[in-house]
Amino acid sequence: MHAAFQDPEIHRWHVRAADSEAEVGGWIEEWVRAWAEERAPQWAVADADTDGLLGRVALREIHLDDGTAEVAYWTTAEARGQGVAARATTTLARWALDDIGFHRLELLHAVRNEASCRVAAKAGFLLEGTKRSSALHRDGWHDMHLHARVQGD
């Protein structure tokens, strides 16, 4: 994880930075707690042959009463362009909507992040609009595309 977060593309599109392996260890400890509390499950996306890290998918902003959550993901530099993010996001969405029973999943990405827009579309998330100046990144406020997938899509 620490090595993955040294990638300039991850720095470009994510607020979080990994300054040390100890910091990343703290993230993982928090993710384990979040799993136990059923508030923010995250999955490592691993290579089936080598078990090497390719990325991660997650559910955030879970509102069980409303049946909604936000999907998030990233991939390592080596995994980009191979469909890893789209496959992992599709798998997570099918599980959350079909097996768990969520009604609506949202996916947000910076408007300028065209690769994430392609991932959202390939994973069946329809573009619904733009949230203006809604996410603070290292280089300032970003407009964000809002995509969604609902039961039955």
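This structure is a prediction, so every number in the text was calculated from the model and none was measured.

1. Digging into the sheet that holds strand E2 (residues 53-63)
Okay, so step 1: Taken in spatial order, the 6 strands make up an open sheet running E1-E2-E3-E4-E6-E5, and their pairing is mixed. In the strand order of this sheet, the two ends are held by strand E1 (42-46) and strand E5 (126-137), each with one partner. In this sheet, adjacent strand axes meet at a mean angle of 30 degrees when their direction is disregarded.
Okay, so step 2: Strand direction decides the pairing type here: E5 and strand E6 (residues 140-150), joined by 8 bridges, are antiparallel. Each bridged residue has a counterpart across the sheet, and for Leu 126 the counterpart in E6 is Ala 148.
Okay, so step 3: Packing of helix H3 (residues 84-100) onto the sheet brings it into contact with E1, E2, strand E3 (68-75), strand E4 (104-110) and E6, and relative to E2 it is tilted by some 35 degrees.

2. Overview of the nonpolar core
Okay, so step 1: In terms of nonpolar packing, the biggest core is built from 24 residues, with Leu 59, Phe 102, Leu 105 and Phe 125 touching the most fellow members.
Okay, so step 2: Every element with two or more residues in this core is listed here: E2, E3, H3, E4 and helix H4 (114-122).
Okay, so step 3: Element by element, the count of residues in this core is highest for H3, at 8 residues.
Okay, so step 4: When residues no more than four places from it in sequence are discounted, the contact partners of Phe 102 are Leu 59, Ile 62, Leu 64, Gly 67, Thr 68, Ala 69, Ala 96, Leu 97 and Gln 151.
Okay, so step 5: By size, the runner-up hydrophobic cluster in this structure holds 8 residues, among which are Ala 4, Phe 5, Val 24 and Trp 31.

3. Regarding the layout of surface pockets
To find leftover empty space, a probe the size of one water molecule is rolled over the atoms.
Okay, so step 1: Size it by volume and the largest pocket reaches roughly 1200 Å³.
Okay, so step 2: Secondary-structure elements contributing two or more residues to the lining of the largest pocket are helix H1 (8-13), helix H2 (21-36), E2, E3, H3, E4, H4 and E5.
Okay, so step 3: Split by residue class, the lining of the largest pocket holds 25 nonpolar, 11 polar and 13 charged.
Okay, so step 4: Of the voids in this model, the second largest pocket is the one considered here, and its volume is about 150 Å³.
Okay, so step 5: Taken together, Trp 35, Glu 38, Pro 41, Leu 59, Ile 62, Leu 64, Trp 95, Ile 100 and Phe 102 make up the full set of residues lining the second largest pocket.
Okay, so step 6: Those elements that provide at least two residues to the lining of the second largest pocket are E2 and H3.

Thresholds, definitions, all that
Residues numbered from 1 in each chain as written. Predicted model: local features only at pLDDT ≥ 70, side-chain atom pairs only at ≥ 80, totals over all residues. Heavy atoms only, no water. Pairing = 2+ DSSP bridges. Helix = DSSP H or I, 4+ residues; strand = E, 2+ residues; numbered from the N terminus. Axes fitted to C-alpha atoms, helices over the stretch in contact; angles between N-to-C directions. Contact = heavy atoms within 4.5 Å. Core = buried A, V, L, I, M, F, W, Y, C linked by side-chain atoms within 4.5 Å. Buried < 20%, exposed > 50% of the residue type's maximum accessible area, 1.4 Å probe, protein only. 1 Å grid on protein atoms, 1.4 Å probe; cavity = no way out; pocket = protein on both sides within 12 Å on 5 of 7 lines; lining within 4 Å. Points joined across faces, edges and corners; volume = space filled by probe spheres on them. Nonpolar A, V, L, I, M, F, W, Y, C, P; charged D, E, K, R; others polar.

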